[in-house]
Amino acid sequence: MIDVFNATPSLLTKLQQAANERSLLQLVVKHIRSYEFSTKVDSDEIDIAFAATGGITRWVNSDNLKIKCEPMPNRRTTFGDILIEQPQGYVNLATPAGFIPLVDVVYSLGQLSVKQIN
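Residues numbered from 1 in each chain as written. Predicted model: local features only at pLDDT ≥ 70, side-chain atom pairs only at ≥ 80, totals over all residues. Heavy atoms only, no water.

## So, the side chain of Gln 86
Here's step 1: Structurally, the position occupied by Gln 86 is in the loop between strand S4 (82–85) and strand S5 (90–95).
Here's step 2: Apart from residues no more than four positions distant in its own chain, Gln 86 is found in contact with Met 1, Asp 3 and Tyr 107. (Helix = DSSP H or I, 4+ residues; strand = E, 2+ residues; numbered from the N terminus. Contact = heavy atoms within 4.5 Å.)

Structure, rendered in structure tokens:
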């Protein structure tokens, strides 16, 4: 199962202006509360889940479009959105270059947050 979180429109605009990957990741972590739950995808593969929710990928085919999403997403998944692998809780940022693991972000009780170091 993959949980999908969409970036708000204003955050997507900021992310598109990132000069490089490092600044992109810093923006995502800084604005992690600007992500909203979209859907759960009945797949164990993040690339297939990205395609099933409308993301632009070479993996799109008719089988991907039949994968169950609950609830139905209110928009297509795009670069800058976050996909979470369940049950492990691995958090991944969708980018044109692929999926970047967000090791400083945790997913707990349906919320995304930045890891706190004790």
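## Points about the pattern of salt bridges
Here's step 1: Counted according to the given criterion, the structure contains two salt bridges.
Here's step 2: One salt bridge connects Asp 3 with Lys 40, and the closest N-O pair in it is separated by 2.9 Å. Pair noted here: Asp 3 is in strand S1 (residues 2–7) and Lys 40 is in strand S2 (residues 35–41), with a separation of 37 residues, a long-range link.
Here's step 3: One salt bridge in this structure joins Asp 81 and Arg 75, with 2.8 Å as the shortest N-O distance.
Here's step 4: Among the residues examined, Asp 81 registers a relative accessible area of 0% and is labelled buried. (Salt bridge = Lys/Arg side-chain N within 4 Å of Asp/Glu carboxyl O. Buried < 20%, exposed > 50% of the residue type's maximum accessible area, 1.4 Å probe, protein only.)

## Description of the packing of aromatic side chains
Here's step 1: Under the defined criterion, the tally for this structure stands at four aromatic pairs.
Here's step 2: Each ring, one from Phe 50 and one from Phe 79, has its centre 5.7 Å from the other, and the planes form 25°; the classification is stacked. Here Phe 50, found in helix H3 (residues 46–52), pairs with Phe 79, found in the loop between strand S3 (69–70) and S4; they are 29 residues apart in sequence, far enough to count as distant.
Here's step 3: Consider the rings of Phe 50 and Phe 99, whose centres lie 5.7 Å apart with planes at 85°: the pair is edge-to-face. Here Phe 50 is found in helix H3, whereas its partner Phe 99 is found in strand S6 (residues 98–101), with 49 residues between them in sequence.
Here's step 4: Given the relative accessible area of 3%, Phe 50 is considered buried.
Here's step 5: Joined through ring pairs, the aromatic side chains of Phe 5, Phe 37 and Tyr 107 make up one cluster. (Phe/Tyr/Trp six-rings, centres within 6.5 Å; stacked < 30°, edge-to-face > 60°.)

## A word on the nonpolar core
Here's step 1: Judged by nonpolar contacts, the single largest core of 17 residues is most densely connected at Val 28, Tyr 35, Ile 82, Leu 93 and Leu 112.
Here's step 2: Contributing elements (two or more residues each) for this core: S1, helix H1 (9–16), helix H2 (21–30), S4 and S5.
Here's step 3: Tallying contributions element by element places H1 first for this core, with three residues.
Here's step 4: Apart from residues no more than four positions distant in its own chain, Ile 82 is found in contact with Asp 3, Val 4, Phe 5, Val 28, Ile 32, Tyr 35, Val 91, Asn 92, Leu 93, Leu 102 and Leu 112. (Core = buried A, V, L, I, M, F, W, Y, C linked by side-chain atoms within 4.5 Å.)

## Here we look at the sheet that holds S2
Hydrogen bonds along the backbone pair up the strands of a sheet, which may run parallel or antiparallel.
Here's step 1: Here six strands make up an open sheet; going across it, the order is S3-S2-S1-S4-S5-S6 and the pairing antiparallel. The sheet is open, and its two borders are formed by S3 and S6, each paired with just one other strand.
Here's step 2: In this sheet, S6 lies alongside S5 in antiparallel orientation, the contact comprising four bridges. Looking at S6, one finds that Asn 92 is bridged to Pro 101.
Here's step 3: On top of the sheet, H2 reaches S2, S4, S5 and S6; it is set at about 125° to S5, its chief contact. (Pairing = 2+ DSSP bridges. Axes fitted to C-alpha atoms, helices over the stretch in contact; angles between N-to-C directions.)

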